[in-house]
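Notes for the structure review
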Amino acid sequence: MQAQAVVRWLAAVGGSVVAFCAVAVPWGVLSDGGDDPWDVIGPVAGVLAAGVLAALGWWASQAGTSPAGEGASRRVRQSARGRGNITQTGGDQGVQGGSRRRPVREDVRQKARSDGNGGINQVGGDRA
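Please read all numbers here as calculations on a predicted model, not as lab measurements.

Here's the deal with the side chain of Arg-8
Structurally, the position occupied by Arg-8 is in helix α1 (residues 2-30). Apart from the residues within four sequence positions on either side, Arg-8 is in contact with Trp-59, Ala-60, Gln-62 and Ala-63.

Below you can see the structure in the form of structure tokens.
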């Protein structure tokens, strides 16, 4: 995960430099008149580069986080066969947001088969 974050930050800084050059170089080449245009070109290109760095920096800071803001990855796979009632639940039910500690990685696999008329109830995740 850390290698991905480093690559993202390098891409963010590189993208900022490219944005600066994409504005400053053509403007500087096409403008005539000594050093005075750089008094305007530098700050304008710098502001654009700062905006690009802010946007790409936000993207780089998202490396390794799940959409819920947790660093954990979770996969739940369930399968069931039977004649009776089958209930499958994957996820959290009734658990308070900050009251639990989840392992960094979690992989739940469940399989069930019923030959009779009984019910199957599978739960993958936390239940209160």
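Let's pick the thread back up.
Describing the confidence of the model for the chain
Confidence in the prediction of the chain, expressed as mean pLDDT, is 75, and 62% of residues score 70 or more. Taken element by element, the predicted model of the chain shows its lowest mean pLDDT in strand β4 (residues 120-124) (68) and its highest in helix α2 (residues 38-61) (92).

What about the environment of Leu-48?
The topology assignment puts Leu-48 in helix α2. A relative accessible area of 39% means that Leu-48 is categorised as partly exposed. Spatially, the C-alpha atom of Leu-48 lies 10.0 Å from that of Val-17, the residues being 31 residues apart in sequence. Not counting residues up to four positions away in its chain, the partners in contact with Leu-48 are Ala-19 and Val-23.

Brief notes about a nonpolar patch on the surface
A contiguous nonpolar surface patch, about 230 Å² in accessible area, is contributed by Val-13, Val-17 and Leu-53. Of note, Val-13 is situated in helix α1. Looking at Val-13, the relative accessible area reads 45%, which means it is partly exposed.

Quick notes on the rules
- For every chain, the first residue of the written sequence is number 1, and numbering continues from 1 along that sequence.
- Residues qualify for local features only when their pLDDT is at least 70, as the model is predicted, and side-chain atom pairs are given and counted only at 80 or more; totals for whole chains, interfaces and linings, by contrast, use all residues.
- To obtain the side-chain values, all non-hydrogen atoms of the structure were used and water was disregarded.
- Strands are runs of DSSP state E lasting at least two residues, helices are runs of H or I lasting at least four, and both sets are numbered from the N terminus onward.
- In what follows, residue pairs with any heavy atoms lying within 4.5 Å of each other are defined as contacts.
- Across the chain, each position has a pLDDT score giving the predictor's confidence in that residue, from 0 to 100.
- Relative accessibility thresholds used throughout: buried, under 20% of the residue-type maximum; exposed, over 50%; partly exposed, between the two (1.4 Å probe, protein chains only).
- Put simply, a patch holds well-exposed residues, over 30% relative accessible area, that have no salt bridge, with like charges counted together within 9 Å and Val, Leu, Ile, Met, Phe, Trp or Tyr side chains within 5 Å.
- Exposure was quantified through the Shrake-Rupley algorithm and a 1.4 Å probe, taking into account, for residues, occlusion by the shown protein chains and nothing else.
- In what follows, salt bridge is the name for a side-chain nitrogen of Lys or Arg lying within 4 Å of a carboxyl oxygen of Asp or Glu.

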